[in-house]
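Per-entry structural report
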Amino acid sequence: MNKKYDVIVVGAGNAGLAFACTATKNGLKTLVIERNILPGGCATSFVRGRFEYESSLHELANVGTEENPGSVRQLFESYKAKVNWVNEENAFRVIADGENGYDATMPAGVEAFADKMEELVSGSRESVIALFDLAKKAEAAIAYLSQGKADPMVMMSEHADFMRMASHSVDECLNALGMPEKAQNIVKTYWPYLGASTDKLDLAHYLIMMARYIAGSPAMPLMKSHELSLALDDVIRRNGGEIFYNTEVKEIITENGKAIGVRIDEGEIYADCVVANCFPETAFSKMMDSKAVPQKALRLANARKKGELFFTVYLGLNRSAQELGIKDYSVFLFNSPDSLQQYRSMDSFDESFVIVNCLNTVIPTASEEGTCTLFLTTMLSESAWAGVNEENYKEIKNRIAKRMIELYEEKLNLSVKPYIEEIVIATPSTFARYLNTPNGTPYGYEVQPWDTMMARIMNANNEQFVENLYFVGAHGDRADGYSSAYSNGNSTAGKILREVKNSGKA
Amino acid sequence: MAKHNLESLNPLKFTELIKNRETEIAKANPEIPKEDLNANFLAQSLHPMKQTLKITEIIEAKDAKIYTLKGEKCAYFTSGQYLSVSVRIEGKTLSRPYSILSSPKDALKGFYKIAVKRVEGGIVSNFILDNLKTGDTLEVSEPTGSFTYEPLRDAELVVAVAGGSGITPFVSMAKAIVEGSEDFSLLILYGSRKEEDILLKNELDSISKNCEKVRVIYVLSEEEKEGFEQGFINAELIKKYTENRAFSVFLCGPQAMIGFADKELATLDLERKYIRHEVHGEVADPLTFENFPENTPETVKITVYSKGEKKEFFAASKNTVLRILEAEGITPPSRCRGGECGFCHSKLLKGEVFIPKELDKRREADEKFGFIHPCCSYPLMDLEIEVSQ
Ligand SMILES: Cc1cc2nc3c(=O)[nH]c(=O)nc-3n(C[C@H](O)[C@H](O)[C@H](O)COP(=O)(O)OP(=O)(O)OC[C@H]3O[C@@H](n4cnc5c(N)ncnc54)[C@H](O)[C@@H]3O)c2cc1C
Ligand code: FES
């Protein structure tokens, strides 16, 4: 095995796949190595009985419509990836318990969203419109910055609002905007999609994400995430790239401080550079010669907060969504209107918030006629899972699942339990086993005031710790989410292609 | 009227982002903690990639042996799950699923038990029976499979319909009920030809004697004896012993027995959620499927790509693609060997295969992009296939 590649990609998660698509499309000789038997990492599906379940996607941001394509659709089109998209009309329904609680169903589209908010909270419309205007400003600033120049004068004169948003929390900004409290709470519903608390998360990041969901026509692939991942697998093959599944990279080989290849069971494989879709700290601590890793890299990994833990329940029901009275695609069930209370609910698996999705309401063919699937998600903090051991595992798993299902039945006033034909429960340990991330988190590093998307982007050049070794994924600059991972993979490939070009090798 | 803007916030805070970041990094520990986080630790202990175990005891039974497999630590599991056991035969690594018959808590004590029954023409089972001795080591997978009791889904009473080696998962369930790691009522209807063919009878008898929640009824098809039901397990028998209680049926055994029992169950008008299957034994011969196309060539050319290597050979066509590959020493990962688990997922680059509808458990997009499960695909012509050995 002396073959030499331009690049070896460790892991075929969303970011690894997008990286490999862009790299192969531009002629780099690429090998992708994946531990699992399938591509996608989080982005997959599985079959139990007569049901196929979406494993992770609630909604994919910024797909847009055929007429008005968003960045994700454009990226897939540029690859000629064969995906059928199905757009989704309603943004979300949120039910918050407790004092000043509410039940709000919010439509997608800026005007419709603002109208609905006005209906729920009179006098809120203007501040909501102002918020979406800020989202546009944030996109413009990012576009300016991504050209590689950041003239402080231009920033101050044209992007001052962006500088404010990118350095102040969601809470600080919404208060400054004069948005009524209830409207603020409803606007903050999407925080679980970034998994960071709104007093720490900067508005720029939150707003870009939120606007991409509400204004950017979110969508789902017709055949679950497995379709996305196989479509990208297909692109890589068509472009002449190679993929080894069921193959674990045991070591990233370095020589004189540079990455030169990887070791798998069959031997060593060499390449000009290695792109890792696994966590940096996993690579540094388990897959590399410790002498090759600078101290600062380890300090950074330790300073960061790892993303929250996931716990999901997949149900195959033997009645249709209509028969059961399920109308909403996506419902957020919170213990309080206050997003910080919601965030803290993750500290207990008996209280954590729950998100419930019924794919059949968007894609009626998601399961056989007369049936439907439900996908329930909760998130937990590290401490909430710390007391679980082999012996109480199953009992705790069933207890959490039961609570999640019963909460949904109670809040939506419908009955689900008697119709469960199949049930699959995925715990943080299930995710840990499948993704190989710390605590199984699919969310990379949690955004902190010092570790924001912008701080990551601006420091990227100082944080390329090992020459020829790049990291892509949810732990990258754009943090978690399908669209972030695709975009991070794609832009990292762009960067390497520029470097190859500059060095005159291509 | 309020002005809806961010003017009150200081934009220059933005310029501190880099400095703040450097400060936080400088404060942090330069050593990555060695111990795993709890979710990773549990992932490792519940789902080890492989377990190396030693055979410490072999008990002979008619046409079968019970093996005790010991390890320093055995991964915990849920009764009803199986191990994919690997053996090396003539230089090839082959694996087969065997249900665990010991209890979950036994695993924590460091052992599993499995029963291996002699199968006509069986490669791995017969190899194990004829060659393995106490003291030998075996490599097995993590415990896996979804033939398990789910309190949120199943009725409190489970009717186990068992035949042959299909009794094993139910023995584990019965023990789990006794030791308290499961909580449901189990009525086992166990079909055998003659009394002497009943596997694990002593164990079953002593459990049902001491535990109210477990009841065992033996059904003999070729012998009439007092204390035994006679004939095949049918709808009448199920009705007789369930006495109007709601129940879930779990079936485990050879294909033929399951086929018969399924027809009987159809007359009971149960909702599909109350019937669950685990087939013991794969179907090598496609001619057992009614709609297998005629005129398929006897010999086909198979071209296989695996990690950049290419191999071509001719093979007799009447077999699963997985078995054809294994006979050539090409061993894609496999576990259930019945189409369910998706472990053998492979890309069919050229050619067509026959996939029996009842075994086709692929994901929707697999068909769109030409992926198959070789364990339940039969070649209809020359094939080119990529596998992940
Ligand atoms: C339940 C759930 C719901 C979610 N909902 C949404 C949603 O609605 N919308 C959204 O946009 N995002 C959602 N996400 C988040 C999103 O899925 C992730 O943030 C994103 O997919 C991360 O991509 P990644 O590239 O970091 O790869 P990962 O998915 O982490 O994949 C990494 C891959 O690398 C492989 N690998 C690791 N180590 C090695 C090694 N040593 N050798 C070989 N291979 C290796 C792994 O096997 C894996 O396949 C959800 C996630 C989950 C789990
Ligand atoms: S081995 Fe399970 S599907 Fe083929």
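Note that the structure is a prediction, hence the values are computed from the model and not measured. (Residues numbered from 1 in each chain as written. Chains lettered and ligands numbered in written order. Predicted model: local features only at pLDDT ≥ 70, side-chain atom pairs only at ≥ 80, totals over all residues. Heavy atoms only, no water.)

1. What to know about the domain arrangement of chain B
Residues and elements named next belong to chain B. As a reminder, the rule being used: The split into domains, and so the bounds of each, comes from an automatic or database assignment of domains. A contact between two residues is defined here by any heavy atoms of the two lying within 4.5 Å. As used here, buried area is the combined drop in accessible area, with a 1.4 Å probe, of two parts when they are placed together.
The domains assigned to chain B are domain 1 (49-140), domain 2 (157-277) and domain 3 (287-386). Relative placement of domain 1 and domain 3: their C-alpha centres are 27 Å apart. In this complex, domain 1 contributes ten residues to the contact, which on the side of domain 3 involves nine residues. Both faces considered, domain 1 and domain 3 share a buried interface measuring about 720 Å² in area, 46% of it formed by carbon and sulfur atoms.

2. A short note on empty space enclosed by the protein
Residue and element names in this part refer to chain A. Counted only if it meets this: The definitions used throughout rest on a 1 Å grid laid over the protein atoms alone, on which a cavity is an enclosed set of points accommodating a 1.4 Å probe that cannot get out and a pocket is an open set flanked by protein within 12 Å on both sides along at least five of seven lines; lining residues are those having an atom within 4 Å of a point. Grid points are joined across faces, edges and corners, and a volume is the space filled by probe spheres set on the points. Starting at the N terminus, helices and strands are each numbered in turn, a helix being any DSSP run of H or I of at least four residues and a strand any DSSP run of E of at least two.
As enumerated under the stated definition, the model contains three cavities of 30 Å³ or more in all. In this structure, the largest cavity occupies an estimated 80 Å³ of space. Mapped onto the lining of the largest cavity, the elements with two or more residues apiece are strand 4 (51-54) and strand 17 (372-380). If one sorts the elements of the lining of the largest cavity by residue count, strand 17 sits on top with three residues.

3. Considering the site of ligand 1
Residue and element names in this part refer to chain A. Our working rule: The rule for a residue being near a molecule or strand is that one of its heavy atoms must lie within 4 Å of it. Counting of polar contacts relies on pairs of N or O atoms within 3.5 Å, with two restrictions inside protein: one atom must be capable of donating a hydrogen and the other of accepting it, and residues adjacent in sequence are counted only when both atoms are side-chain atoms. Reported accessibility uses the Shrake-Rupley method at a 1.4 Å probe radius. Residues are deemed covered only where the shown protein chains occlude them. Just so you know the grouping, Ala, Val, Leu, Ile, Met, Phe, Trp, Tyr, Cys and Pro go in nonpolar, Asp, Glu, Lys and Arg go in charged, and all remaining residues, Gly too, go in polar.
Close to ligand 1 lie 39 residues, the nearest being Glu 34, Ser 56, His 58, Ala 474 and Tyr 482. Between Asn 14 and ligand 1, the recorded distance is 3.0 Å, taken from a side-chain N or O atom to an oxygen atom. A distance of 2.7 Å separates a nitrogen atom of ligand 1 from a polar atom in the backbone of Ser 56. Protein contact buries 98% of the 1000 Å² of open area that ligand 1 shows by itself. Every element with two or more residues in the shell around ligand 1 is listed here: helix 1 (14-25), strand 14 (309-317), helix 17 (428-435) and helix 19 (482-502). Residue composition of the shell around ligand 1, grouped by class: 19 nonpolar, 15 polar and five charged.

4. Things to note about the sheet that holds strand 7 (residues 157-163) of chain B
Residue and element names in this part refer to chain B. Which entries qualify depends on this criterion: A pair of strands is treated as paired once DSSP finds two or more bridges between them. For every element, the axis is a line fit to its C-alpha atoms; helices are fit only across the contacting stretch, and the angle between N-to-C directions ranges from 0 to 180 degrees.
Strands sit in the order 10-9-8-7-11-12 across an open sheet of six strands; the sheet is parallel. Either end of the sheet is taken by a strand with one partner, and the two such strands are strand 10 (229-230) and strand 12 (275-279). As defined by bridge partners, strand 8 (residues 185-192) adjoins strand 9 (residues 214-220) across seven bridges and the pair is classed as parallel. Within strand 9, the position partnered with Ser 192 by the bridge is Leu 220. Lying on the sheet, helix 6 (residues 201-210) is in contact with strand 8 and strand 9; it crosses strand 9 at an angle near 140 degrees. Against the sheet, helix 8 (residues 255-266) contacts strand 7, strand 11 (248-253) and strand 12, and its axis sits at roughly 155 degrees relative to strand 11.

5. Side note on the environment of Glu 181 of chain A
Residues and elements named next belong to chain A. Applied cut-off: Each residue gets one of three labels from its accessible area relative to the maximum for its type: buried under 20%, exposed over 50%, partly exposed in between, using a 1.4 Å probe on protein chains only.
With respect to the helices, strands and loops of the structure, Glu 181 is situated in helix 8 (residues 181-187). Using a relative accessible area of 61% as the deciding quantity, one classes Glu 181 as exposed. Expressed as a C-alpha distance, the spacing of Glu 181 and Glu 281, which sit 100 residues apart in the sequence, is 39 Å.

6. Topic: the packing of aromatic side chains
Residue and element names in this part refer to chain A. Rules: Working definition: a ring pair exists when centres of Phe, Tyr or Trp rings (six-membered ring for Trp) sit within 6.5 Å. Plane angles under 30 degrees give stacked, over 60 give edge-to-face, the rest tilted.
According to the stated counting rule, one finds 40 aromatic pairs over all chains in the structure shown. Taken together, a centroid distance of 5.1 Å and an interplanar angle of 75 degrees make the contact between Phe 92 and Tyr 190 edge-to-face. With a gap of 98 residues between them, Phe 92 in strand 6 (residues 90-96) and Tyr 190 in the loop between helix 8 and helix 9 (203-214) connect regions that are remote in the sequence. The class of Phe 92 is buried, set by a relative accessible area of 2%.

7. Section: the confidence of the model for chain B
Selection rule: Within a predicted model, pLDDT stands for the predictor's per-residue confidence, ranging from 0 to 100.
In this model, chain B carries an average pLDDT of 94, and 99% of its residues clear a pLDDT of 70 or more. As scored by the predictor, the complex reaches a pTM of 0.95 and an ipTM of 0.95.

8. Looking at the sheet that holds strand 1 (residues 51-61) of chain B
Residue and element names in this part refer to chain B. Spatially, six strands are ordered 4-3-6-1-2-5 in an open sheet, and the strand pairing comes out antiparallel. Sheet topology places strand 4 (92-99) and strand 5 (111-117) at the edges, where each strand pairs with a single neighbour. Mean inter-strand twist for the sheet, computed between neighbouring axes without regard to direction, equals 40 degrees. Where strand 1 and strand 2 (residues 64-70) come together, seven bridges link them in antiparallel fashion. Note on strand 2: the bridge partner recorded for Lys 54 is Lys 70. On top of the sheet, helix 4 (residues 124-131) reaches strand 2, strand 3 (82-89), strand 4 and strand 5; it is set at about 70 degrees to strand 3, its chief contact.

9. What to know about the packing of helix 6 (residues 160-167) of chain A against helix 9 of chain A
All names here are of chain A. Note the threshold: Put simply, angles under 35 degrees are roughly parallel, angles over 145 are roughly antiparallel, angles from 65 to 115 are roughly perpendicular, and the rest are oblique.
Direction vectors running N to C along helix 6 and helix 9 enclose 100 degrees, while the axes themselves pass 5 Å from each other. When the axes of helix 6 and helix 9 are compared, the pair comes out roughly perpendicular. Of helix 9, the residues touching helix 6 (which contributes Phe 162, Met 165 and Ala 166) are Leu 203, Ala 204 and Leu 207.

10. Considering unusual backbone geometry
The backbone of Ala 479 of chain A shows a phi angle near 65 degrees, a positive value even though the residue is not glycine. Among the secondary structure elements, Ala 479 of chain A is positioned in the loop between strand 20 (469-471) and helix 19. We note that Leu 200 of chain B has phi near 60 degrees; this positive angle belongs to a residue other than glycine. Its place among the elements puts Leu 200 of chain B in the loop between strand 8 and helix 6. Judged by relative accessible area, which is 13%, Leu 200 of chain B ranks as buried.

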